[in-house]
Amino acid sequence: MEAARTEPTGSSSIRTIAIVIGVVVVGLIALLAFGGGDQITERNGTLGKRVPLVQGMPLEGLAGTSVNSDGEPIAYSIDAENGSWVLVNFFATWCAGCIVEHPELVALEGWGQSNNLSLVAVVFDDADTAAIQKFFRDRGGNWPVLRSPGSAIDFQISLIPESFLVAPSGLVVEHYVGGLSAADVQATIDEFST
Amino acid sequence: MLSAFGTAFVLLGLMASIAGMLIGSVALVRDQRSPNGSATLKPAMKSMRQFASMVPAAGIGAFIVMEIALFRRDYSVSFVQQVGSDSIPPIFNFAALWSALEGSLILWALTLGLYIAAVLWKFADKKNDPLLGWAMVVLLGISTFFFGLLALPANPFQRVSVAADFVGRGPNPLLQDHVLVAFHPPMLYLGYVGFAVPFAFAIAALITGRLGEGWLVETRRWTVIAWGFLTFGIVLGAWWSYEVLGWGGYWAWDPVENASLLPWLTGTAFLHSVMVQERRGMLRVWNLSLVCATFCLTILGTFLTRSGVIDSVHAFADGAVGPWLLTFFAIVTVGSVGLIGWRGDRLRSPGAIDSPLSREASFLANNVLFGAMAFVVLLGTVFPLFAEAFDGSRLTIGRPYFDSLGRPIAIVTLFLMAVAPVLPWRKASTELLSTRLFWPAVAAVGVTAFAVLVGARGFWPVMTFALSGFAGGSAVRQVVLATRRQGWRGFVGRTNGGMIVHLGVIILAMGVAASESYKTDRIFTMSPGETVFVESHSFTYEGLGADRTSRRDRTFARVSIDGGQVYEPARTRYTQQGMVVGTPSVKPGITEDLYLVLDDIPQDDPQAPIRLRVIVRPLITWIWAGGVLMGIGTLLAVVPGNRSPSIPTAQPAGDGAASGSSPDRSRSALSRAFTSLRRRLTRTPTELHASQGGL
Amino acid sequence: MSQFAGTRASWAFVVVALVGLIAFASLGGDDDQSAGERAEALYDKFACPTCDGQSVAESNAAVAATIREFIRDEVAAGTSDTDIRNALVQGYGTEVLLNPPASGIATLVWVLPVLALVGGSAVVFNAVSRNNLGSADPTAEDEALVAELLESASDEVDNTGSDG
């Protein structure tokens, strides 16, 4: 609309307006270039915040389940892991990427035992418990597997496999979508530890 | 092998664009500097045209190579590894080309190449005109940029190693299942890229200083065509969103949608205000600004959605091209603003607006409305960034904001659509308006009475129906008068085709008002055999079903509507992507759509209840129908209207469509005479006339 | 009928009919919302936290279903809109509000469009009205030009305007 202004001196007013619009445009460009900082990276709402509660009864027939003195399984709670690194992994047996990722998790589990890292898996949209049990029997892995229906919402899951790295302080520090590599996770933990 | 061919085509496009641009601009600058013109201009123009004709060839070549790679599942090509899949049906494999950033840039380059070819062909008779030369330089500059993106930060033809057992994941699941995916993006791109042509001519006119009406006449039809594609592309996108995304809506004011709406708004404003310039010679700065703004906004939209600056459901976030696009946007915008400022003195327009009751004043009002709406959309889209940079606050700006500001603007626009078409140029009397608007007003009463009778309530929707009746009556009146006078030609030409477009807009507006205001949305927990009722329709849940392919597991609920046909809303697991998508099932109808979404399925027991969402949306098919009618109207508008050669016209291509009867013709001749009179008067440095400049 | 069309009386009839119909339709609606309608109206006001711009009403995401359930329960329990709003903001941050608040920096997002519209209208109104008033007495040169042009222009001139 500015360009339609009627002024006694047509040309110079057009120049003035052009300069004003130019300044606004340059401001907009600067804002787009420098504003907001970390927007290029994806933003999962849990990053940098306290980890949402993950708890539930680990699936039976799988290893990695704690039992009490009577031999009965104990419910898992992520709060009990405070002080150690935790990798929360969302997966399903129907998900092709999860099958590809699994060996990395197994490697990470082995590394974690001497590096204060534990794993916990949350089942995403997969009702077939027998298939999950077979999945772990065939591919190894020795960590608690939970059904925690609210967690997919809390962690804003959209594309599994997705994993979240939780620091000993309880803050979520990293988010991996579509398959992680053990080396990446180790590097992140080393970086924080030094 | 294919990756080498593809890269070769990209490099050919890049080199040809750079060479043509450099040769052309050097020769044109030299020609402009020397007083008698440069003798080397002609051969240089010829050589530029030769390079320019390689650009479409390169675009077509790159496109074909990528399609071959997709169909052959050649996973050694990086883009095929990203979106290719062994298991998707051919049409989605074909459409996979534009399912991610790099491929969509190929489509962009191809489209631009085709437009360049069209410009070369269409203006073959003016091939040595410096204005055309500069336009071609600008077009080649744009293609340099897009081929440059393909060659450097976003090369889809990179050669990658591929594991023996590699199986492609395929495109995003949402782009695998609906046929509209094959049409919506190409339409949108034809629209987006099409605005490059009027932009190129505008820049050329600014550089050469030839700011008469000539270039506008030459590019007006191109703008109409680009606008038509963009309109149709946007409506198809809304339709796709409705059919696939499963939220029962079609427009979410998502940044990607806003990015396509912005150039549409400024383009629409231009198509109207350009008529004022053609008829009266006014608004030249404004029209140039609108053409430039439209193109700049297409680039800004591409940046916003392709750089990851703003998150969106269907943005292809990729940080690598962001800085490139932003730089290009900066060059294009600052360049345009600078040129307009520099040539401002030559843009002083003669003429003035005599009366607020005139066609030209109504076009000004149209421009205020469309400009304001474009401002609202742009502000709402980028403001969260601004707020975050300013004080770190995180804001969401969504539907309620755009609705509350857009609704009044839309209502006033509808009112204007009723009044403006019957207004004559220069000045109207109230008696004239009272005669011409009477039957449209009766139509408004009729439509409103009918709407209220069938149960429509609420201020905004009923107001929309009333004004739709008013505007519809006015558009029908124009078409009836035109066909009575000109026979079948009363449907073609800019003015008459424009009225058909108006009718499309009106039908669309009624569809939006009804489907938003009278939506019913219910969620039921249902066991097999159970029946629920919504808006006098019955829905019976008959049981679960499943099918499984190598790329997806689909679980669906069989729901029969009114005891008749069975519909199958589903939840689909895309195993390659690890994604769960709810796929709706729709029973469309002229008066209402029944839309079923499977919200939740039982995890273990197939007899357990499901959660079914039932949405009833009246008149939603009117939106698609309105979009199709707008497309048809655009086609009619580009067909040349009634043009009688016996009438001498001052302009190379007169406004033929508007001159129906002989009084009209003589008056437009007089109007032109007055325009030229005013032009002469404004050269006289009197206080009185100086005050008329600048508009 | 055609003699009646366009007369003052006919227009009065049309305008009264329109105003009456619109007033009837606007006031005729029931003011007291049911709990379900209140909940539905609220769904439209909140953003689904995981799905970028979609409202809780529109989104198919699980988190949106959770928020819908929360709102439904709170409405049934008689919680006020403000309390529901505050609870959701506390849980999900200000981003959960689809409508930017009219406070702080966000005020600008409401004020600027109004300013733009008013400014644009003022410019256009100014352009139209100023030129109306600007018709001062013509000079001799003007009159000569007009005479010349009138001569050259066609003789049949219809001043009632065009349909084109």
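From a predicted model like this one, the values you see are computed outputs, not experimental measurements.

Q: Whenever I open this one, the pattern of salt bridges confuses me. Can you help?
A: Working definition: two side chains of opposite charge can pair if their charged atoms are close together. Under the defined criterion, the tally for this structure stands at 15 salt bridges over all chains. Notably, a salt bridge pairs Arg573(B) with Asp125(A), separated by 3.1 Å at the nearest N-O pair. With Arg573(B) in strand β6 (residues 570-574) and Asp125(A) in the loop between β4 (117-123) and α3 (129-139), this pair bridges two chains. In this pair, the class of Arg573(B) matches that of Asp125(A), namely buried. It is possible to trace a salt-bridge network through shared partners that takes in Arg220(B), Glu278(B) and Arg494(B).

Q: Would you mind showing me how to read the domain arrangement of chain B here?
A: Where interface size is quoted, it is often the accessible area lost as the parts come together. Residues and elements named next belong to chain B. Parsing chain B into structural domains produces domain 1 (1-171), domain 2 (185-195 + 205-420) and domain 3 (520-621). The C-alpha-based centres of domain 1 and domain 2 are spaced at 25 Å. Taken together, the contacts link 28 residues of domain 1 with 27 residues of domain 2. Summed over both partners, the interface of domain 1 with domain 2 buries about 2,600 Å², with 79% contributed by carbon and sulfur atoms. In this structure, Arg 210 and Asp 129 form a salt bridge, with 2.7 Å as the shortest nitrogen-oxygen distance.

Q: Just checking my understanding: could you explain the packing of helix α6 (residues 130-151) of chain B against helix α8 (residues 196-208) of chain B for this structure?
A: In a packed pair of helices, the relevant descriptors are the angle between the two axes and the axis-to-axis distance. Residues and elements named next belong to chain B. Axis separation between α6 and α8 bottoms out at 8 Å; the angle between their running directions is 130°. By the criterion of interaxial angle, the relationship of α6 to α8 is oblique. By crossing handedness, the relation of α6 to α8 is classed as right-handed. Here α6 contributes Pro 130, Leu 131, Leu 132, Trp 134, Ala 135, Val 138, Leu 139 and Ile 142 to the contact with α8, which in turn contributes Ala 196, Val 197, Phe 199, Ala 200, Phe 201, Ile 203, Ala 204, Ala 205, Ile 207 and Thr 208. Each residue belonging to the contact of α6 with α8 can be placed in one class, and the counts come to 17 nonpolar, 1 polar and no charged.

Q: Even after reading the chapter, I still don't get the confidence of the model for chain C, so can you show me in this structure?
A: A low pLDDT means the predicted coordinates there should not be read in detail. Residue and element names in this part refer to chain C. Summing up the model confidence of chain C, the mean pLDDT is 75 and the portion of residues at 70 or higher is 66%. Within chain C, the element-level pLDDT minimum falls on helix α6 (residues 140-152), averaging 66, and the maximum on helix α1 (residues 8-28), averaging 87. In the model, residues 132-136 has pLDDT below 50 throughout and makes 5 contacts with residues more than four positions away in sequence or in other chains. Every residue in residues 154-164 is under pLDDT 50, and counting partners more than four places away or in other chains gives 29 contacts. Reported for the predicted complex are a pTM of 0.85 and an ipTM of 0.79.

Q: Would you explain a nonpolar patch on the surface in this entry?
A: Residue and element names in this part refer to chain B. Together, Ile 60, Ile 64, Ile 68 and Leu 114 give the surface a local cluster of nonpolar side chains, amounting to about 310 Å² of exposed area. No other element matches the 3 residues that helix α2 (residues 41-72) contributes to the nonpolar patch. Tracing the sequence through the fold places Ile 68 in helix α2. According to the relative accessible area criterion, Ile 68 is partly exposed, its value standing at 34%.

Q: Whenever I open this one, the sheet that holds β4(A) confuses me. Can you help?
A: Think of a sheet as strands paired side by side through backbone hydrogen bonds, with each pair either parallel or antiparallel. Residues and elements named next belong to chain A. Here we have 5 strands laid out as an open sheet, ordered β5-β4-β3-β6-β7, and mixed in their pairing. Lying at the two open borders of the sheet, with one neighbouring strand each, are β5 (145-146) and β7 (172-177). With 2 bridges connecting them, β4 and β5 associate as parallel partners. When the bridges of β5 are listed, Val 122 appears paired with Leu 146. Seen against the sheet, helix α2 (residues 96-113) touches β3 (85-91), β4 and β6 (162-166) and runs at an angle of roughly 150° to β4. Against the sheet, helix α5 (residues 182-193) engages β3, β4, β6 and β7, with an angle of about 165° to β7.

Q: Any chance you could explain the sheet that holds strand β1 (residues 520-526) of chain B here in plain terms?
A: All names here are of chain B. Ordered in space as β1-β10-β9-β8, the 4 strands form an open sheet in which the pairing is antiparallel. Strands with a single pairing partner mark the edges of an open sheet, and in this sheet they are β1 and β8 (585-587). Neighbouring strand axes in the sheet, compared pairwise and without regard to direction, differ in orientation by 20° on average. By the bridge criterion, 3 bridges tie β8 to strand β9 (residues 592-600) in an arrangement that is antiparallel.

Q: What should I look at first to understand the state of the cysteines in this one?
A: Scanning all chains against the criterion turns up 1 disulfide over all chains. Covalently, Cys95(A) is tied to Cys98(A) through a disulfide, its sulfur atoms 2.2 Å apart. Between Cys95(A) and Cys98(A), the disulfide has an S-S torsion of 95° and is therefore right-handed. The residues Cys95(A) and Cys98(A) share a single accessibility class, namely buried. Counting only cysteine sulfurs, Cys296(B) is the nearest neighbor of Cys292(B), a cysteine outside any disulfide, at a range of 6.3 Å. When its relative accessible area of 6% is taken as the criterion, Cys296(B) is described as buried.

Q: Is there a simple way to think about the pairing of β3(A) in this case?
A: In summary, the side chains of a regular strand alternate between the two faces of the sheet. Residue and element names in this part refer to chain A. Among the 7 residues in β3, 7 count as buried, and that is most of the element. Neither face of β3 is exposed, since Trp 85, Leu 87, Asn 89 and Phe 91 on one face and Val 86, Val 88 and Phe 90 on the opposite face are all buried. Both β3 and β4 contribute to a ladder of 7 bridges, which runs parallel. For Phe 90, the partnering residue across the bridge sits in β4 and is Val 122. For the handedness criterion, the β-α-β arrangement of β3, α2 and β4 is classed as right-handed. Of the strand pairs in this sheet, β3 and β6 are connected by 5 bridges, and their pairing is antiparallel. What sits directly across from Val 88, in β6, is Phe 164.

Definitions and cut-offs
- Residues numbered from 1 in each chain as written.
- Chains lettered and ligands numbered in written order.
- Predicted model: local features only at pLDDT ≥ 70, side-chain atom pairs only at ≥ 80, totals over all residues.
- Heavy atoms only, no water.
- Salt bridge = Lys/Arg side-chain N within 4 Å of Asp/Glu carboxyl O.
- Helix = DSSP H or I, 4+ residues; strand = E, 2+ residues; numbered from the N terminus.
- Buried < 20%, exposed > 50% of the residue type's maximum accessible area, 1.4 Å probe, protein only.
- Domains from an automatic or database assignment.
- Contact = heavy atoms within 4.5 Å.
- Buried area = accessible area lost by both parts, 1.4 Å probe.
- Axes fitted to C-alpha atoms, helices over the stretch in contact; angles between N-to-C directions.
- Parallel < 35°, antiparallel > 145°, perpendicular 65-115°, else oblique.
- Left-handed = near helix turned anticlockwise from the far one by under 90°.
- Nonpolar A, V, L, I, M, F, W, Y, C, P; charged D, E, K, R; others polar.
- pLDDT = per-residue confidence, 0-100.
- Patch = residues over 30% accessible without salt bridge, like charges linked within 9 Å, V, L, I, M, F, W, Y side chains within 5 Å.
- Areas by Shrake-Rupley, 256 points an atom, 1.4 Å probe, with all protein chains shown as cover.
- Pairing = 2+ DSSP bridges.
- Disulfide = S-S within 2.5 Å.
- Right-handed = clockwise from strand over helix to strand, strands pointing away.

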